[in-house]
Amino acid sequence: MLEIEIDGKKLTVPQGSTVIEAAHSVGTYIPHFCYHKKLSIAANCRMCLVEVEKAPKPLPACATPVTDGMKVHTASPLAKKAQQGVMEFLLINHPLDCPICDQGGECQLQDLAVGYGNSTSRYEEDKRVVVGKDMGPLVSAEEMSRCIHCTRCVRFTEEVGGFQEIGMANRSEFSEILPFLGKTVDSEISGNVIDLCPVGALTSKPFRYTTRAWELSRRKSVSPHDGLGSNLVVQVKSNEVMRVLPLENEAINECWIADRDRFSYEGLNSAERLQKPMIKFDGKWHETDWETALNYVVKGLSGVSADHGKDAIGFLLNPHSTTEELHLAQKLARAFGVEAVDYRLGRSDFSADSAKQGAEWLGSSIVELAEAKSVLVVGSTLRKEQPLLASRLRQSVKKGGELNIIHVADDNLLTQIKGKLIVSPLALVNALSQVLKAVAEIKSGASEIDLAAVEVSAEARRIAESLTGAETASVVLGNVAQRHPAYGQLLSLAQEISRLSGARFGILAEAANSVGAELVGALPKNGDNAAAMIAKPKKAYFLLNAEVEFDSYNPQAAVAAMKQAATVIALTAYKGQGLLDYADVLLPIAPFSETAGSFVNMEGKLQTFNGVVKPLGETRPAWKVLRVLGNMLNLSGFEQNSAEEVRAEFGDFASRLNNALSKVAANPAAGSGIVRVGEVPMYQADAICRRAPSLQATNEAKGAATAHAHSSLLAKLGVAAGSTALLKQGEGEARVRIEADDSLPADVVRVAAAHASTLALGGMFDAIEIKQG
């Protein structure tokens, strides 16, 4: 620790601290533009110049390391003169367009100009003009004359985003910030440059010219998308969500949010929002009142129960629902006598259910996972599934951590990979078995799984050495692993690797509330699981926030099951085309922005939030609808008057978090044949994202409709790269553009699931036929 004096205040700071960090630790503000605590030091704005005793000239506080006994003056005449001089230079070429600038009212330059600028400018020459840039549908860079070259955006894309999508060209007054020529900014976390920009150069394109910052009210919320549970500030005007910003939480999302957290709010007021209850009769939809619709639901459930028994009813729940909604939905089902309740529409393998000892979760805190010295990620398109977690792991690798991958596609994670096995989905179990056998050999331990026939590759041994040689290690299973037809085996293998190596093992939660769904028991205890409800269709389905054509492992079979049912009851915020085709009654329920509730993130942390706007039209919070249905069905235990009262029924969550299986089993033999790799695209993950126009305009969303396969497979089957291919699964087929991708295994076709162009196809990781279309 070093002693330093700042403006007469004595303090001690760790060795290696900078003056600006020391000043911030005692609440002393030093003006700055280029400095940011999460980015490298650039020291190019010079706004943070301070006087240091015995130094011949003012020094930049952001780049000056603290020395023992240093005395700093942040507001002395010398420091103030230096800061005012810098401000004058910054304003020389800055346009005087504050009245029309989107940053007006929340602009750092505007604020500091009041304190450090002159009332008039001495500069009489013409100001320079910089041509605007096209950075894509999310980030607006049309007013680059405002740029002060702090380079925060440049450093962010390179250091946090992992790839330098934005750079600075030329020098001196000819300097310009621009994307690579002919390219847009396509990172999954690109929107953070909007927050980083201290002026109005980079702004939000969807928010542009919609309202003023001072007209917005700010309310806290939680991201309804991936399992990280990013903390949000939702900004509202006239009962409409206008903008979403990050709320800093170092333990979860640091000070960043993913683009789908930031821009998906557009989907909250989609034209497809369901605002009144609707009932279908005579093949046509009719709007009705709540009483009529609820009576219709009660009559439908009671009628099917009387005619076919309670086993003829299935409850399919979406894990993007709040914990309160999921709790009351499973409670309603069981109180009515229905045991077929499941939130896992996207899964195909439920073989581990009988061996589960608790709720699936990450197995550690998010910070512990990021700080692990070695991490093995199995079956995860990491940057698309968990954008901010991928960024954290990149930072971990920079600090000496080792990242290992077993996956069905060789995606660029924009970081150094220690060990990597890229295999067909049919060989995923075998690949993880190789790592287990190598770990067992290194640790001289015995596995309960028979590995005699497994041959260990050099890469598998490399991964095993990384896990066993690290002080702390983690094995985590991603979305692809969870939806894999042999998920139970992958879970068993991960547990064995954990036991032998001492590594933690866990699950990267797929949805905002996957862990919450596990904890409240939105699972079948004695009834059919989600796959069985589809394979052996029910007479009635109760859907909570579910669009089965997008959310199911096999949309072809799921839609067929819905269409044969006598009644399909949907509690939904949207009247999507699929629901209009197969549902019989639609009850409008509130999305996360219009209801109080909670989500449990992947580390098991319950985060509560309140509605930020009033429900649209006749929309009602789902927990209230479920409570009323419970009363109308004469069921006990449905007297709650608030989300807090529902929450009080949860009990202790922490004791229920447990990934362990009571027995482990796996068949390491690899299969053969052409198989589909059907991941859910990043901006198709949930109903809100699917209806956000700006997200759907990105290159990422546009590219989701294109299939990919290894060039050798295309040549073998006589399919030309760049042409239209005919893909077939079961009775369904789709025609899509196909491109060659030699980073894929030779016997797979990578074609997105949950996408309008592929909804007719079958299982995400099942066999697939391909021919020239």
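Just so you know, these numbers come straight off a predicted model, no measurement behind them.

What counts, and at which threshold
- Residues numbered from 1 in each chain as written.
- Predicted model: local features only at pLDDT ≥ 70, side-chain atom pairs only at ≥ 80, totals over all residues.
- Heavy atoms only, no water.
- Helix = DSSP H or I, 4+ residues; strand = E, 2+ residues; numbered from the N terminus.
- Rg over C-alpha atoms; globule rule 2.2 N^0.38 Å.
- Buried < 20%, exposed > 50% of the residue type's maximum accessible area, 1.4 Å probe, protein only.
- Contact = heavy atoms within 4.5 Å.
- Areas by Shrake-Rupley, 256 points an atom, 1.4 Å probe, with all protein chains shown as cover.
- Lys, Arg positive; Asp, Glu negative; His and termini not counted.
- Charge placed at Lys NZ, Arg CZ, Asp CG, Glu CD.
- Axes fitted to C-alpha atoms, helices over the stretch in contact; angles between N-to-C directions.
- Parallel < 35°, antiparallel > 145°, perpendicular 65-115°, else oblique.
- Left-handed = near helix turned anticlockwise from the far one by under 90°.
- Nonpolar A, V, L, I, M, F, W, Y, C, P; charged D, E, K, R; others polar.
- Domains from an automatic or database assignment.
- Buried area = accessible area lost by both parts, 1.4 Å probe.
- UniProt positions renumbered as here; feature names shortened; annotations may be inferred.
- Disulfide = S-S within 2.5 Å.
- Phe/Tyr/Trp six-rings, centres within 6.5 Å; stacked < 30°, edge-to-face > 60°.
- Lys NZ or Arg CZ within 6 Å of the ring centre and 35° of its normal.
- Salt bridge = Lys/Arg side-chain N within 4 Å of Asp/Glu carboxyl O.
- Pairing = 2+ DSSP bridges.
- Expected span 1.5 Å × (residues − 1).

J.: I tried to follow the overall build of the protein on my own but got confused; where do I start?
T.: Helix and strand content of the protein: 26 helices and 33 strands. In terms of overall dimensions, the protein is globule-like: its C-alpha atoms have a radius of gyration of 28 Å, near the 28 Å expected for 773 residues. With the C-alpha coordinates aligned to their principal axes, the bounding extent of the protein is approximately 90 × 65 × 55 Å. Counting only residues that meet the buried cut, the protein has 60% of its 773 residues in that class. Within the protein, counting contacts between residues at least 6 apart in sequence, those at least 24 apart form 72% of the total. For the protein, the exposed surface amounts to about 29,700 Å²; the carbon and sulfur share of it is 50%. Where the 80 positive side-chain charges of the protein centre and where its 90 negative ones centre are 2 Å apart.

J.: Looking at this model, I keep getting lost on the packing of helix α7 (residues 290-308) against helix α21 (residues 622-632). Mind explaining?
T.: Put simply, α7 and α21 touch, their axes get as near as 10 Å, and they point 60 degrees apart. With respect to each other, α7 and α21 are oriented oblique. Read as a crossing pair, α7 and α21 show a hand that is right-handed. Across the interface between the two elements, Trp-290, Leu-294, Asn-295, Val-297 and Val-298 of α7 pack against Val-625, Val-628, Leu-629 and Met-632 of α21. Considered class by class, the residues forming the contact of α7 with α21 number eight nonpolar, one polar and no charged.

J.: How should the domain arrangement of the protein be read in this particular structure?
T.: Reports of interface size often rely on the accessible area that becomes lost once the parts have come together. By domain assignment, the protein separates into domain 1 (278-352 + 514-649), domain 2 (362-507) and domain 3 (675-772). Between the C-alpha centres of domain 2 and domain 3 there is a distance of 26 Å. Contacts between the two partners involve 18 residues from domain 2 and, on the opposite side, 16 residues from domain 3. Taken together, the two surfaces of domain 2 and domain 3 that pack against each other cover about 1,200 Å², and 67% of this comes from carbon and sulfur. When the buried area of domain 2 at its contact with domain 3 is split by residue, Lys-384, Pro-425 and Arg-483 rank highest and sum to 37% of it.

J.: Where do I start with the UniProt feature "domain: 4Fe-4S Mo/W bis-MGD-type" (unreviewed entry) in the protein in this structure?
T.: Per the UniProt record, "domain: 4Fe-4S Mo/W bis-MGD-type" (unreviewed entry) is annotated on residues 216-272. Helix makes up 9% of residues 216-272 and strand 35%, whereas the separation of the span's terminal C-alpha atoms amounts to 25 Å.

J.: What am I meant to see in the state of the cysteines here?
T.: Here is the idea: a disulfide is a covalent bond, and it sits between the sulfur atoms of two cysteines. Per the stated rule, a full pass over the model turns up zero disulfides. Free cysteine Cys-48: the closest other cysteine sulfur is in Cys-62, separated by 3.7 Å. Exposure remark for Cys-48: the relative accessible area of 2% places this residue in the buried category. Left without a disulfide partner, Cys-255 is nearest to the cysteine sulfur of Cys-150, which lies 14 Å away. Given the relative accessible area of 13%, Cys-255 is considered buried.

J.: Any chance you could explain the packing of aromatic side chains here in plain terms?
T.: Any pair of aromatic rings gets described here by the distance separating the centres and the angle formed by the planes. Applying the stated criterion across every chain yields a total of five aromatic pairs. Relative to Phe-653, the ring of Phe-650 has its centre 5.3 Å away and its plane inclined at 15 degrees; by these criteria the two rings are stacked. Of the two residues, Phe-650 and Phe-653, neither departs from the other in class, the shared state being buried. One residue, Lys-331, lies across the ring of Phe-638, its end atom 5.4 Å from the ring centre. Geometry around Tyr-574 places Arg-691 over its ring, the cationic atom sitting 4.3 Å from the centre.

J.: How should I be thinking about the packing of helix α12 (residues 428-443) against helix α15 (residues 487-501) in this particular structure?
T.: Two measures define how a pair of helices packs: the angle their axes make with one another and the distance between the axes. Contact geometry for α12 and α15: axes closest at 9 Å, N-to-C directions at 15 degrees. Of the possible angle classes, the one that applies to α12 and α15 is roughly parallel. The way α12 lies across α15 gives a crossing that is left-handed. Residues Leu-428, Val-429, Leu-432, Ser-433, Val-435, Leu-436, Val-439, Ala-440 and Lys-443 of α12 pack against Gln-489, Leu-490, Leu-493, Ala-494, Glu-496, Ile-497, Leu-500 and Ser-501 of α15. Grouping the constituent residues of the contact of α12 with α15 by class yields 12 nonpolar, three polar and two charged.

J.: Is there a simple way to think about the pattern of salt bridges in this case?
T.: A side chain of one charge can pair with a side chain of the opposite charge when the charged atoms of the two come close. Under the counting rule described, the total for this entry stands at 39 salt bridges. Residue Asp-342 pairs with Arg-344 through a salt bridge whose shortest N-O separation is 2.9 Å. Across the pair, Arg-344 and Asp-342 agree in class, each one buried. Of the charged contacts in the structure, one is a salt bridge between Asp-411 and Arg-750, with a shortest N-O distance of 2.9 Å. Of this pair, Asp-411 sits in the loop between β19 (402-407) and β20 (419-422) while Arg-750 sits in strand β32 (residues 748-750), placing them 339 residues apart in sequence. With a relative accessible area of 15%, Arg-750 lands in the buried category.

J.: How should the side chain of Ser-424 be read in this particular structure?
T.: Looking at the secondary structure, you find Ser-424 in the loop between β20 and α12. Residue classification places Ser-424 among the buried residues on the basis of a relative accessible area of 6%. Residues in contact with Ser-424, not counting those within four places in the same chain, are Val-408, Val-675, Pro-745, Asp-747 and Val-748.

J.: Sorry, what's going on with the UniProt feature "domain: 4Fe-4S His(Cys)3-ligated-type" (unreviewed entry) in the protein here?
T.: On the UniProt side, "domain: 4Fe-4S His(Cys)3-ligated-type" (unreviewed entry) is annotated at positions that read residues 78-117 here. Its end C-alpha atoms 15 Å apart, residues 78-117 is made of 60% helix and 0% strand.

J.: I would appreciate a short explanation of the sheet that holds strand β10 (residues 203-204) in the present structure.
T.: Within a beta sheet, neighbouring strands are joined by backbone hydrogen bonds and run either parallel or antiparallel to one another. Overall, antiparallel pairing links the three strands, which are arranged β6-β7-β10 in an open sheet. Of all the strands in the sheet, the pair left with one neighbour each is β6 (133-134) and β10.

J.: Would you explain α12 in this entry?
T.: In an α-helix, one turn spans 3.6 residues, which is why side chains three or four residues apart end up on the same side. Between its first and last C-alpha atoms α12 spans 23 Å; for 16 residues at 1.5 Å apiece the expected length is 22 Å, and the two agree. Trailing α12 by a residue or two, Ser-444 shows a phi angle of about 55 degrees, which is positive.

J.: In this structure, what is going on with unusual backbone geometry? I would like to understand it.
T.: Apart from glycine, the bulk of residues carry a negative phi angle, and the bulk of peptide bonds sit in the trans form. Despite not being glycine, Thr-151 shows a phi value in the positive range, around 65 degrees. With respect to the secondary-structure elements, Thr-151 resides in the loop between β7 (139-141) and α4 (152-159). Of note, Asn-545 is a non-glycine position whose phi angle comes to about 60 degrees, a positive value. You can see Asn-545 is positioned in the loop between β23 (540-544) and α18 (548-551).

J.: What should I look at first to understand the environment of Phe-638 in this one?
T.: Considering the arrangement of structural elements, one finds Phe-638 in the loop between α21 and α22 (643-647). C-alpha of Phe-638 to C-alpha of Pro-615: the two residues are 23 residues apart in sequence and 22 Å apart in space. Beyond its immediate sequence surroundings of up to four residues, Phe-638 is in contact with Leu-328, Lys-331, Leu-332, Ala-335, Leu-626, Arg-627, Gly-630 and Asn-631.

J.: Which parts of the structure should I look at to understand the sheet that holds strand β11 (residues 217-222)?
T.: Reading across the sheet, the three strands line up as β11-β12-β13 and stay open at both edges, with antiparallel pairing between neighbours. Two strands in the sheet have a free side with no partner beyond their single neighbour: β11 and β13 (240-246). Sheet twist, expressed as the average angle between the axes of neighbouring strands with direction ignored, equals 35 degrees. In terms of strand pairing, strand β12 (residues 231-237) meets β13 through six bridges, oriented antiparallel. By the bridge assignment for β13, Val-233 is matched with Leu-245.

J.: It is not clear to me how the environment of Val-129 should be interpreted in this structure. Could you clarify?
T.: Along the polypeptide, Val-129 turns up in the loop between α3 (108-116) and β6. Assessed through its relative accessible area of 73%, Val-129 is described here as exposed. Considered as a pair, Val-129 and Glu-176 are 47 residues apart in the sequence and their alpha carbons are 11 Å apart.

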